[in-house]
Structures are given as structure tokens and as C-alpha cells.
Amino acid sequence: MKLDRIRNFSIVAHIDHGKSTLADRILEVTETLTQREMREQVLDSMELERERGITIKAQAVRVAWKGHQLNLIDTPGHVDFTYEVSRALQACEGALLLVDAAQGIQAQTLANAYLALENNLEIVPVVNKIDLPQADPEAVARELAELVGEDPERVLRISAKTGEGVAEVLDAIVERIPPPEGDPDAPPRALVFDSSYDQYRGVVAFVRMVDGLFRTRHDIRAMAAGTRFEAEELGFFSPVRSPTDTLEAGEVGYVITGLKDVSRLRVGDTLTSARHGATEPLPGYKEVKPTVFAGLYPTDSDDYPELRDALEKLKLNDASLFYEPETSQALGFGFRCGFLGLLHMEIVRERLEREFDLDLLVTAPNVAYRVFTQDGSGIEVHSPADMPREFERVEEPYIRATTIVPKEYVGTIMELNNERRGRFDHMEYLSEERVMLSYDLPLAEIVYDYYDQLKSRTKGYASFDYDVIGFEEGKLVRVDILLAGDPVDALSLIVHRDGAYGRGRALVDRLREEIPRQMFDVPVQAAIGSRVIARETIKARRKDVLAKCYGGDVTRKRKLLERQKKGKKRMKQVGSVEVPQEAFLAVLNLDGDKR
Amino acid sequence: MSAAGVRHLYVHLPFCASRCGYCDFVTLVGRRDEHGRHVDAVLAELDAERGLLAKQVETVFIGGGTPTFTEPSELRRLLASLPAAEEVTVEANPETVTPELAALLRAEGVTRVSLGAQSFDRRLLDVLDRRGGAEDVRRAYYHLRDASFDNISLDLIYGIPGQEPADLERDLGEALALRPEHLSCYELEAKPGTRFTHAHGEELERQAGAMEGFFQLVVDTLTDAGYRWYETANFCRDGRRSRHNLAYWLGYDYLGVGIGAVSTVDGLRWRNLPALPRYLAALERRERPPREFEPLAASTQTQERLMLGLRLDEPVPYADVESAVDLDALTRLEGLRLVERRGEGLVLTRRGRFLGGGVTADLLAEIPANNYS
């Protein structure tokens with residue numbers, strides 16, 4: 001296909017603004033799929049994606065429209081997957097910016113629009129859901145035009161649900177989005193913008209051809225990794241894999257590499273010919289670093305090998321997932337995992353539980369800290385248990401948080417952000433009714449209970465998004481929880497000094513409720529260093545006997561004792577204290593960690 | 001098989017005048033016309049197992065039910081047919097003890113009577129569905145003394161719904177005033193799902209906190225009065241321990257006859273099924289009654305030896321139970337002063353005895369999931 005007949009584009013939108021429905025409609029209108037073949041939301045193929053209505057992995061599908069080849073590269077909408085979005089956008093020349101006619105611009109709309117602008121994409125603004133009774137297409141079109149610097153008349157008004165205006169969208173893609181640039185005659189260069197793992201055929205690379213062409217059986221080299229392989233199959237998605245003989249400059253498609261080790265082909269690498277290949281790689285991506293960390297432990301310690309295997313398999317399709325083995329005296333063997341954000345964490349956890357049938361205990365999440373000791377050396381700490389008890393200073397990650405709310409909630413947001421050590425940046429009226437607030441906040445404050453508070457205080461009307469902007473020094477302390485004088489590694493926290501007492505107190509109270517009485521008094525303490533900030537005592541049991549025991553009931557009493565013994569076996573021994581797994585669950589689980 | 005034979009015999013007489021709400025023993029109400037048939041059957045079973053018994057039996061225990069509710073002539077016939085023993089105990093309900101009954105028991109070789117007093121408080125006795133009252137207990141007690149019984153035990157129950165610490169103190173005082181040789185004090189066990197628990201569960205829940213102290217109150221009061229706390233729930237003076245029950249706690253073999261009775265002989269435990277008609281029918285055909293069998297692996301026997309032995313105030317010989325002991329737990333529990341080694345044996349400390357269940361569960365080495373076959 002000639003370059004000027006190709007258009008590569010993405011759809012960016014806030015969650016639930018209709019991106020997947022529009023993608024479905026495009027497949028239908030272009031007759032890529034017959035109606036009978038249509039499944040709802042074809043592009044979101046993972047079960048979890050379909051259920052939650054969100055996109056996690058970038059996908060690419062090719063459609064034909066009036067003699068042109070259009071490649072739709074699907075992108076995740078959520079902030080946690082910003083890196084996936086930017087990768088996808090780098091493979092495009094334009095983007096549809098889709099906004100719900102009833103809801104207007106939301107926080108993710110802004111984030112994604114800026115991302116598209118940064119990538120120099122041509123933005124086609126589209127107002128969706130104009131068929132809704134509460135839709136206000138004109139007002140939303142004005143907001144949108146303002147945002148991207150367009151004439152409101154040029155904002156498309158459609159209903160992906162009914163199909164109204166979808167053909168016009170396709171026309172606009174052809175007319176407004178520039179064709180890809182590239183040199184068909186140069187040595188081939190293709191950007192790997194994503195990959196997946198096929199258990200029979202190995203790594204499948206999703207590529208955007210920039211220069212030249214690849215043929216099936218082509219000997220290919222990944223320029224950064226140095227890996228060589230033969231292209232077992234080339235093709236494109238329609239939306240299932242459709243093999244072709246060649247992939248040409250400007251096109252989007254896939255390469256089946258046969259590689260069995262995902263680490264041998266990194267996303268962002270450039271593919272070229274093994275012989276007479278290009279000398280300059282395409283600009284890659286910057287490595288994404290996990291921002292949120294949590295310990296994952298099997299509820300039943302016998303499941304540790306299953307958890308390890310499951311993480312290995314997940315990692316094949318999710319390069320951003322980070323994990324390393326961790327041992328906790330309280331929880332046994334598990335993994336410290338790094339995630340791109342809270343949603344990413346939730347998704348990984350759900351996939352592990354659902355697809356791998358594991359019962360997991362997830363510790364309260366924390367952020368990465370940079371800790372500097374007296375001698376000036378710095379380390380990055382991903383777990384409170386690794387935090388040195390003595391240090392010179394600590395830095396924590398900060399975010400720029402964008403919140404859009406109806407104007408009556410401005411005070412609420414300010415109050416919430418002030419409670420969370422937020423710094424006001426600026427505020428802007430998007431319309432008479434809706435206000436955008438920008439704050440700088442420590443990421444740690446978002447990780448702890450922020451979403452729930454935001455949602456309940458604004459009755460669900462707030463939309464929220466953030467970007468990590470860097471590290472700043474914080475007045476942070478490590479709070480340890482001690483049971484009968486022994487620190488419990490899994491329960492250590494890093495918190496702001498001002499919040500230490502409240503968090504320590506809450507944990508101590510909770511543990512006192514959850515830990516059964518023992519054969520001796522058990523002090524439960526929260527301490528900063530050697531200073532105890534909260535203390536409770538679990539009073540010793542005064543009696544634990546089987547009252548009667550004669551010849552007739554020896555067997556029954558023995559069985560009672562065996563049951564008691566089994567109950568004890570399920571407990572974790574922390575020093576001399578027996579703590580039921582449920583107590584840790586209650587204290588550590590996200591849901592249990594509420595104020 | 002212990003070469004010398006079994007030296008401890010239990011006889012179960014299930015009949016009662018009425019059923020008490022909290023009771024979970026094998027009991028049958030009324031049926032006076034069946035008492036004779038039942039005594040025949042018990043004697044037939046004893047006859048069938050006679051070969052297991054030693055020439056000289058040490059203890060006989062006749063429990064129930066209410067053995068003294070049995071028709072006096074049938075009771076006499078039974079007692080006359082039992083082997084003679086150094087200790088022969090009969091359980092009795094206070095209201096069944098008349099001068100005549102006391103004399104009958106004495107004449108037929110009974111040496112010890114265990115009187116089911118439970119409480120001296122009318123209100124609490126009503127909660128337990130007990131017919132007799134404090135006066136019945138005292139009357140029965142003196143009838144037995146008049147018949148020159150010098151070994152009487154009183155059963156008390158504490159933790160009764162509605163019972164306050166002061167009520168328990170009063171009950172203990174009343175019992176001590178009689179100066180019995182022996183006292184058994186049990187906490188009321190409200191089994192989930194029973195009529196009793198249904199009726200009193202909420203009250204029991206409410207007083208759970210206060211009741212924790214009851215056990216200690218019992219032990220303190222009785223030991224202060226000079227009684228020896230020789231087993232978790234049993235107290236005696238002048239060395240008058242229940243020799244029959246000691247046999248259970250020391251792991252000796254015993255033969256039990258009658259419905260629901262359990263025997264343990266040479267590593268085999270069996271229990272007669274509790275249905276009376278099938279029991280009677282089998283023995284009338286001169287067959288053994290329907291039973292459940294439980295072979296005890298050597299390891300299980302050792303575990304039981306530890307579990308039962310630790311209920312006593314005298315050490316369990318360590319060599320007898322070593323293989324059942326978790327050494328790490330032992331060290332930890334010694335550190336907590338709940339268990340101590342005394343001489344060549346293991347014994348719970350005073351505080352350890354209050355926590356005997358948990359301590360024993362800790363002390364037991366890993367129990368194999370199924371070691372019965």
C-alpha cells in the first residue's frame with residue numbers, strides 16, 4: 001500500500017466515554033466484520049477488560065475505507081497505563097479525542113489530549129453519545145474546541161451506539177490525519193510498540209513499519225537487544241491475526257518471532273534486517289518505573305510455587321510488572337511487586353486470583369522512597385521493612401493531580417487535598433459549571449484511601465488523574481508494630497510524621513481486636529524507633545480446659561484437641577505470639593486498611 | 001493383652017426419672033418395665049467379656065443415667081452379680097437416696113457414692129431441669145453417712161446461665177459444709193444446637209467474661225479448704241482420689257458394659273451403640289451387642305497418655321510420652337512457666353493447669369491426619 005493511502009490513528013477517551021463502542025462500530029461500518037461475527041467490544045479481548053470495560057493492552061486492527069488502509073491502534077484510557085498510551089501514540093499520526101456529550105471533558109481526557117499533543121498528533125475532536133437525553137453536544141463541543149484549539153464547527157457529533165456520524169468520522173480520519181512519513185526504499189525499520197506471548201508461537205511483536213519492508217522468513221535483528229530471529233509469520237489484525245507476505249512502510253501489523261524468552265525482545269526496540277540493516281534505530285521509549293509497591297503472599301503458603309509461576313506467566317504479557325522474592329516472618333514466602341499505579345495493582349491481583357485461581361494476601365501498598373543515610377549514600381526502598389531505622393533524610397514521589405468537579409465541590413477537593421499534604425497549583429473553569437483543580441501531592445497520600453474519600457465526598461462526581469513529577473524530601477518516619485516486644489515486619493509503615501500517631505493507633509486497635517487472647521499478656525505497640533506511640537494489651541486467657549474427661553469421651557476429647565492443634569498450625573508464630581492469618585488479612589488487606 | 005487382665009469395670013445404667021436439659025449422656029426416661037431386661041442384658045454382656053477381666057478387679061463404677069433410679073430389686077440383683085472390687089462406686093441422684101437404698105448399696109458391697117448435687121440454688125437447679133433441691137442433697141448425704149459410707153463425692157456444675165460469682169461461692173460453701181471426701185466440679189458445657197443452648201445461649205454469651213473467673217474461684221476455694229486439686233475437675237481430701245477415674249487418666253485398660261459404654265483393651269477401643277432395643281435383642285440371642293470399633297495406633301495411645309496424664313497433679317513419666325512431645329513447644333512452654341519437668345516427668349504448673357487445653361495442644365507433636373488404621 002502506498003504511504004498516502006495509509007492512516008494510523010488512536011482513539012483516546014476517558015473511561016466509559018464510548019471508545020470501545022466506536023471501535024466496534026468502525027469494524028462494522030467498514031465491513032471488517034459482519035454483524036454475525038461482531039462481539040461487543042471486540043478489541044478488548046481479555047476477560048477482565050471486557051468485564052471492567054477498560055482497555056489494558058494496546059491492540060491494533062486494520063480496516064479498509066474508500067480505498068484507504070486505516071490502522072486503529074487501541075489504547076488504554078487509564079493513567080496507570082499512560083506509558084502504553086504513549087507507545088501506541090508514537091505509532092500513529094493522529095488521534096480521535098472522544099468525549100461523552102453528557103459528561104464533558106474529564107481528567108483522563110485532558111491527560112490523553114496533552115499526551116497526543118506532545119506526540120505531535122493531529123487531533124480529531126469527537127463528541128459521542130449525542131443520543132442521550134441529558135446530552136449537551138454544543139456545550140461539550142465548545143469545551144473540546146477550546147482544549148485543542150479548533151473551531152467548534154469542526155468538532156464531530158456522533159452516536160457510536162446508533163452508528164450516527166461514524167462514517168463521517170472515517171472520512172475525517174482520511175481527510176485530516178496526515179499519511180505516515182517514511183522511506184519505502186530504505187533498509188527496513190519497524191518500531192515494536194507492544195508484544196504479547198503466544199504459548200505455541202512465542203513472542204508476537206506488534207510493529208509499526210517506518211521504512212522499507214519485511215517479508216515472511218526475513219532474517220530480522222532487534223537493534224537494541226541484538227537478538228536475531230526469523231519472521232515466522234507477518235500479518236495484521238482484522239481483528240483476528242491475518243497473515244500477509246509483507247509489511248510495508250507506514251503499515252501496522254505483527255511479527256511472529258518464535259522467541260520463547262520475552263526478555264530477548266523489549267518493547268521500544270527497533271527491528272531491521274539481520275543483513276544490510278539500518279544503522280540508526282528509531283527513537284525508543286523511556287523505561288517505565290513502577291510507582292506503587294505491595295507484598296503479594298499466598299494465603300496458603302503451600303501455593304508459593306503456583307504464585308511464582310503465575311507471576312512469570314503474567315510478566316510475559318505485562319512487561320511493566322516488577323516482582324522479586326520477599327520473605328516475611330509473619331507471612332512467609334511471597335513477592336514484593338511493583339505496579340504502575342493502584343489500578344494496575346488491582347488488575348494484577350484480580351488476574352492472579354481469577355486466571356490462576358490463587359488466594360492472595362496483598363499488603364497495604366506503599367510508594368518507592370529514596371533514603372539517604374548520614375554518610376550521604378542513598379538507596380531506593382520499596383518496602384517499609386527495608387527502611388533503615390536511622391537515616392539523614394527521605395524523599396518521596398510527588399504527583400501533579402488533576403481533578404475536575406462540578407463547582408460546588410471545589411471546597412471539598414481543597415479540603416481533601418490539604419488534609420493530604422497537597423500543594424495548590426492552579427484552578428481553571430472549564431465551563432460555568434465545571435472546574436479543573438491542579439494540586440501537587442505526595443503519591444503516598446493517593447495510595448492510602450484517597451480514591452474512596454474522593455468518591456464519597458464528591459458523590460462520585462469528581463474525575464481524577466495524575467502524573468508523577470519527581471521526588472521531594474518529606475518528614476517521614478518508620479512506624480513499627482511490636483507484638484510482645486517483637487517487631488512484625490509485615491506491619492511496618494512509612495508515614496508522614498503528623499499521621500504516625502493516628503495510623504499507629506488504628507493498627508494497634510485493630511490488632512487487639514483481631515488477635516485471640518494467648519496464654520500470657522501480649523502488649524501490642526506502635527513505635528517510632530524506640531519511642532512507643534500507641535499501646536494496648538491483649539489480656540491473657542484465664543482458662544482453657546476441657547472440663548470433663550472420662551473413659552467414655554477420651555476419643556472425642558482427643559479429636560477436640562487435634563482440632564485445636566490444627567487451628568494453631570494455621571496461625572503464624574510471631575515471636576511467642578500466635579497470630580491467625582485472618583488477623584493479618586484484616587490489617588493488611590486494602591479493604592481492611594480504612595480509617 | 002495385659003497378661004493379668006482388665007482391672008477396671010464400668011457399668012452403664014441409662015434410666016432416669018426425667019431428662020435434664022444440659023445432659024448429653026446416653027439416658028432413657030422411665031421404662032421401669034424394661035429395667036429387668038436391661039440388667040439381664042448387662043450381665044449377659046459382662047458374662048461374654050468375663051475372659052477379659054483380671055481375677056481380681058480393682059474398681060467398679062456404675063454410672064448413668066441415674067443408676068439409683070433402677071428398680072431396687074433389679075439394682076440389688078445387678079450389684080450382687082458384679083465382681084467384688086476394692087472400690088465400687090455408684091452414681092446417685094439426691095432425690096433417689098432413701099435410708100433403704102443407702103442400706104442396700106452398703107449391703108451389696110458399694111464403697112463409694114457419687115452424688116449429683118450440681119447446685120444448692122433452687123433457681124439454678126430449675127435452669128438445669130433438676131428436680132431435687134438443696135434439702136434433697138443434704139438428706140441424701142446424711143442417709144449415706146448413716147449407712148456408714150465414708151467415701152462420698154459431690155458433683156457440682158458452675159457456669160449455669162444466670163449464675164453470678166456470689167452464687168458460685170455460696171454453692172461451694174454449701175458443698176464444703178458437708179465435708180465430702182471428694183468433689184467434682186464441671187463447667188456447664190452448652191453444646192451448640194441443643195435445646196439448652198437455644199434457650200440460654202444469649203445469657204451464656206453475656207456472662208462469658210465473668211465465667212472465665214469461675215474456674216479459678218472453684219480451685220482457690222477448694223484448695224484453701226484443704227482439698228487436693230488432683231485432676232483438672234476433681235478434688236479430694238485425705239487421699240480419697242477416685243481410683244476408677246484415675247485408671248482412665250493413667251491410661252489403664254477398662255471394660256465398659258451397657259448401652260453407650262466404652263471399653264479400651266489392648267489398643268482397641270469399642271463403644272456399644274446407644275440404641276436399647278438392638279442391645280437387648282443381641283444379648284438375648286447371646287450375641288455381642290452392636291459396637292463401633294476404633295483401633296488405637298501406638299502413637300495415638302501415647303498422645304492420649306500425654307493428654308490425660310497432664311490433667312493430673314502428678315508428673316507423667318517423660319519416657320512414656322516422649323515421642324508425642326514437640327520439643328520446641330516444650331521449651332517455649334517451660335519458658336512461659338506453664339509446664340515443668342519434675343523428676344523424670346512432665347507436669348503442668350498451677351497456671352498451666354488453668355490453660356491445660358491450649359498447653360496440651362501446643363505440646364503435642366504434629367498429629368498425623370489419620371492414624372487409626
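Refer to the structure printed above.
Just so it is clear, the model here is predicted, and its values are computed rather than measured.

Draft legend 1. Inspection of the overall build of chain B at higher detail. Secondary structure summary: chain B contains 16 helices and 17 strands in total. Buried positions account for 47% of the 373 residues belonging to chain B.

Draft legend 2. Just the environment of Arg271 of chain B, in detail. All names here are of chain B. Tracing the sequence through the fold places Arg271 in strand 13 (residues 268–272). Take Arg271: there are 20 C-beta atoms within 10 Å of it, and that puts it in the buried class. Put simply, Arg271 and Arg291 are 20 residues apart on the chain and 5.3 Å apart in space, counted from C-alpha to C-alpha. Once residues lying within four places of it in the same chain are set aside, the contact partners of Arg271 are Val262, Arg291 and Glu292.

Draft legend 3. Fine view of the pairing of strand 7 (residues 189–198) of chain A. All names here are of chain A. Within strand 7, 7 of the 10 residues are buried, leaving the element largely enclosed by the surrounding structure. Counted between consecutive antiparallel strands, the loop separating strand 7 from strand 8 (residues 202–211) contains 3 residues. As defined by bridge partners, strand 7 adjoins strand 16 (residues 270–273) across 2 bridges and the pair is classed as antiparallel. Note on strand 16: the bridge partner recorded for Ala190 is Leu271.

Draft legend 4. Broad picture of the nonpolar core. Core analysis: the largest hydrophobic core is formed by 156 residues, its most contacted members being Ala95, Leu97, Val127 and Val207 of chain A. Top contributing element to this core by residue count: strand 8 of chain A, with 7 residues. If you look at the next biggest cluster of nonpolar residues, it comprises 107 residues, including Ala85, Leu105, Leu363 and Leu364 of chain B.

Draft legend 5. Fine view of helix 8 (residues 342–355) of chain A. The end-to-end C-alpha distance of helix 8 of chain A is 19 Å, a good match for the 20 Å that 14 residues give at a rise of 1.5 Å each. The first or second residue beyond helix 8 of chain A is Asp357 of chain A, which carries a positive phi of 55°.

Draft legend 6. Fine view of the interface of chain B and chain A. Listed by partner, the interface residues are 37 residues for chain B and 23 residues for chain A. Among the secondary structure elements, those contributing two or more residues to the side of chain B that touches chain A are strand 8 (182–187), helix 9 (214–224), helix 10 (243–249), strand 12 (262–265), helix 12 (298–309) and helix 16 (356–363) of chain B. For the side of chain B that touches chain A, the leading source of residues is helix 16 of chain B, giving 7 residues. Across the side of chain B that touches chain A, the residue classes tally to 17 nonpolar, 11 polar and 9 charged.

Analysis parameters
Residues numbered from 1 in each chain as written. Chains lettered and ligands numbered in written order. Predicted model: local features only at pLDDT ≥ 70, side-chain atom pairs only at ≥ 80, totals over all residues. Helix = DSSP H or I, 4+ residues; strand = E, 2+ residues; numbered from the N terminus. Buried ≥ 20, exposed ≤ 12 C-beta atoms within 10 Å, placed from the backbone. Contact = placed C-beta atoms within 7 Å. Pairing = 2+ DSSP bridges. Core = buried A, V, L, I, M, F, W, Y, C linked by C-beta atoms within 7 Å. Expected span 1.5 Å × (residues − 1). Nonpolar A, V, L, I, M, F, W, Y, C, P; charged D, E, K, R; others polar.

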